[in-house]
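Descriptive analysis of the structure
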Amino acid sequence: MRSVPFLTDRNTVPEILAPPEQFNHITQLAQQEWQQLQRLLEAARSNAPIDAFVSQVALYAHPDTRQILDASTNASAVLGYPREALLALTLDDVEAPHPAAQQTVRAYQESDVSIVEYDGTFRHADGRLLDMHVQKRSIVHEGRPVLRALLDELSLSRRLAGELLRREASSTYQFSEKLKTLNEIQLELGAMPSFDDVCRRGVALGVERLGFDRMSLWFLEEETGMMCGTYGIDEAGNLRDERAQQWDYRGSFVVDFVEGGRQPRIQQHAPIYNDRTEVIGYGWHVSAPIVDAGRFIGFIACDNYLGRQPMHGYQPELLRLYGASIGHIASRQRERETIRRLRQQEMELRLEQERGLILKNFVRDVGHEFRTPLAVISVSSYLLTRLTDADARATHITQIQQQQSYLNKMVDDMLYIIQLGAGHDAQPQAVDLAALARANISVLEQVSSAKGIVWCIEMEATRPVPGDADQLGRAILELLRNAVEYSHDGGTVSVRLAQDDEGVRLSVQDGGIGIDPADHQRIFNRFYRVNEARTTRGSGLGLSIARLIVDGHGGDISVDSAPGRGSLFTITLPAPVAPR
């Protein structure tokens, strides 16, 4: 039974006196074609993809026996045979004889391969005949030589869909819409934080927004002459990290780009490779150079392995423009990363130099601070070997013990400073400064009583501040100890706590010898002492410790003092957040 003439565009006339069952079958075919046309028109009206209406059927047969070995996924839907049944047939089983007088065969060579094209007839599983345009050629499929037959249905809906796609491919409107999308993508890629992010997102957007099937980005490493991978789409359609891949471009198509070629390289019916350079199929392949300021820096490639769709006429030019956009953005990002890396190296070098200077000064200061107590210990030890008077010996033993305690405290303070600098053991919590101040006053009660010190305590109700209680307690203790140590016998030490919009303030004031304003900043330096009167008191590290702790809590420590009128030290910590 032949196909309906007006459906196949044949110049034949159906038999007028056809049997009723044949007439009913023809009517059914006409209805099916009409429904297919309706679906095609609806897809075109809603701007939905119509590629499915023109998909080719591919049959792969043995070159000699013509046994069908494999078929495209749409073969069963078009020819009506289940896949298992189709693979049990030969090409001769599904291809019906065609009158030689009406058949035009076109034979030609392409890359030493013989290709034959003609309009033929194929049997559907239900017995009807389908008019097809046939192309046969020998290829290698899944590692073995086969005869491939590509079948394009010659129905009216198929031909109409093909014409619509050709018009779509050449449509200026479609291309202009892609260019608008490209501008949007440029803005998004320009905001990416790194070169890797530009490449990764660039591949994803090329597929999602620009409609490319599979895509990959490669950049030239000028020092080695190698093409280095970034990201691409794998055989399953997923984004793949290809940064470990590289290959020598010499002897490849990339040479043309390196030497100044700027037009996309287009290949039709070309082998398509996976990441192991294995042929996984055949289709079209387009590569375009990635340039920046006229200089070749890489290339962008795409193929149709996943969708097997025909190439749109604007896609090579769109790919070229996309490569130019990515080239500019990627180059700027690389330059920024290089600048950041150089600045980081410069900063690390400066920090290393500063560490070396700090260590040098620290060793020098420690050596100076240790010299006096060690000299006292040495002299006293020597005298102990010479003196026989018990009182004199006791005096020197006491001096040795005092200097030993002084050295132990200095070492403890230095270790504590190192611990603060490393940021270890910080335990943030809500800290009650009033309770900490009272606790540390109690610690100094014996020392202050021995000097007849009078404590004047004024503490307003304040909210707890966030911080490390042990560290803040140590800072307060250093100020209290400093006040007691440098107050005159019978003097007064005032401790005040208050809160305002700027923060919580704890102040400690003594009536001691005072400090010259010229020394206010230097007293917080390690081992710094204002005068000889202070050289035998403390380790010289107490105020340094207090400042490190307060700075670490985002606060401030200040001093207001003058010779002869005592000193006022104030710790200011950020205001705590009011409870809701």
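As shown above, the structure is provided for reference.
The model shown is predicted, which means the values in this text are computed figures rather than measured ones.

**Points about the packing of aromatic side chains**
Per the stated rule, a full pass over the model turns up eight aromatic pairs. Both rings, one in F195 and one in F219, keep their centres 5.1 Å apart while their planes meet at 70 degrees; by these two values the pair is edge-to-face. Taken together, the residues span a long stretch of sequence, with F195 in helix α8 (residues 195-208) and F219 in strand β8 (residues 214-221) at a distance of 24 residues. The exposure class of F195 is buried, given its relative accessible area of 10%. Residue F219 is classed as buried on the basis of its relative accessible area of 2%. When the centroid spacing of 5.3 Å and the interplanar angle of 80 degrees are considered together, the rings of F253 and F299 count as edge-to-face. Placement of F253 in the loop between β11 (246-248) and α9 (254-258) and of F299 in strand β14 (residues 295-303) is noted, with a sequence separation of 46 residues between them.

**Quick word on the nonpolar core**
Among the nonpolar cores identified, the biggest contains 43 residues, and L433, W455, L472, L480 and F569 are the most heavily contacted of them. A total of nine residues in this core trace back to one element, the largest contributor, which is helix α14 (residues 469-486). Filtering out sequence-adjacent residues up to four positions away, L433 remains in contact with V465, L472, I476, L497, V504 and L573. Grouped together as the second largest cluster of nonpolar side chains are 31 residues, M192, Y231, C302 and A330 included.

**Some words on the sheet that holds strand β18 (residues 492-500)**
One open sheet holds the five strands; their spatial order is β16-β18-β19-β21-β20, and the pairing between them is mixed. Of all strands in the sheet, those with a lone pairing partner are β16 (454-459) and β20 (556-561), marking the two edges. On average, adjacent strands in this sheet sit at an angle of 15 degrees to one another, irrespective of strand direction. Bridging between β16 and β18 involves six bridges; their strand directions are parallel.

**Focus: the environment of A125**
Position of A125 relative to the elements: it lies in the loop between β5 (113-123) and β6 (129-141). What makes A125 partly exposed here is its relative accessible area of 42%. Separated by 45 residues in the primary sequence, A125 and G80 place their C-alpha atoms 4.9 Å from one another. If sequence neighbours within four positions are ignored, A125 has contacts with L79, G80 and Y81.

**Points about the pairing of strand β1 (residues 57-61)**
With respect to burial, β1 is a largely interior element, five of its five residues being buried. Alternating positions in β1 separate into two faces, V57, L59 and A61 on one and A58 and Y60 on the other, with burial throughout. As paired strands, β1 and strand β7 (residues 144-153) are joined by five bridges and run antiparallel to one another. By the bridge assignment, L59 is partnered in β7 with A149. Note that β1 and strand β2 (residues 68-71) share three bridges and pair antiparallel.

**Here's the deal with the pattern of salt bridges**
Applying the stated criterion across every chain, the model contains 28 salt bridges. Between D92 and R66 there is a salt bridge, with the nearest N and O atoms lying 3.1 Å from each other. Placement of D92 in helix α5 (residues 91-94) and of R66 in the loop between β1 and β2 is noted, with a sequence separation of 26 residues between them. Using a relative accessible area of 47% as the deciding quantity, one classes D92 as partly exposed. Judged by relative accessible area, which is 22%, R66 ranks as partly exposed. Across the pair R505 and D500 runs a salt bridge, and its minimum N-O distance is 2.3 Å.

**A look at α14**
Along its 18 residues, α14 runs 26 Å from first to last C-alpha, staying within 8% of the 26 Å computed at 1.5 Å per residue. Here α14 lies mainly inside the structure; 15 of its 18 residues are buried.

**A short note on the side chain of N304**
In this structure, N304 sits in the loop between β14 and α10 (315-384). Separated by 3.0 Å, the side chain of N304 and the backbone oxygen of Q309 make a polar contact. With near-sequence residues (within four places) excluded, N304 lies in contact with D213, I272, G283, W284 and Q309.

**Here's the deal with helix α15 (residues 542-552)**
Burial in α15 covers these residues: G542, L543, S544, I545, A546, I549 and V550. Just beyond α15, the residue with positive phi is G554, at close to 75 degrees.

**Let's talk about the pairing of β18**
Sheet topology places β18 next to strand β19 (residues 503-510); seven bridges connect them, and they run antiparallel. Within β19, the position partnered with V495 by the bridge is V508. Between β18 and β19, which pair antiparallel one after the other, the connecting turn spans two residues.

The rules behind the values
- Residues numbered from 1 in each chain as written.
- Predicted model: local features only at pLDDT ≥ 70, side-chain atom pairs only at ≥ 80, totals over all residues.
- Heavy atoms only, no water.
- Phe/Tyr/Trp six-rings, centres within 6.5 Å; stacked < 30°, edge-to-face > 60°.
- Helix = DSSP H or I, 4+ residues; strand = E, 2+ residues; numbered from the N terminus.
- Buried < 20%, exposed > 50% of the residue type's maximum accessible area, 1.4 Å probe, protein only.
- Core = buried A, V, L, I, M, F, W, Y, C linked by side-chain atoms within 4.5 Å.
- Contact = heavy atoms within 4.5 Å.
- Pairing = 2+ DSSP bridges.
- Axes fitted to C-alpha atoms, helices over the stretch in contact; angles between N-to-C directions.
- Salt bridge = Lys/Arg side-chain N within 4 Å of Asp/Glu carboxyl O.
- Expected span 1.5 Å × (residues − 1).
- Polar contact = N/O pair within 3.5 Å; in protein donor to acceptor, adjacent residues only side chain to side chain.

Honestly, that's just the spatial picture; any functional story needs more than this.
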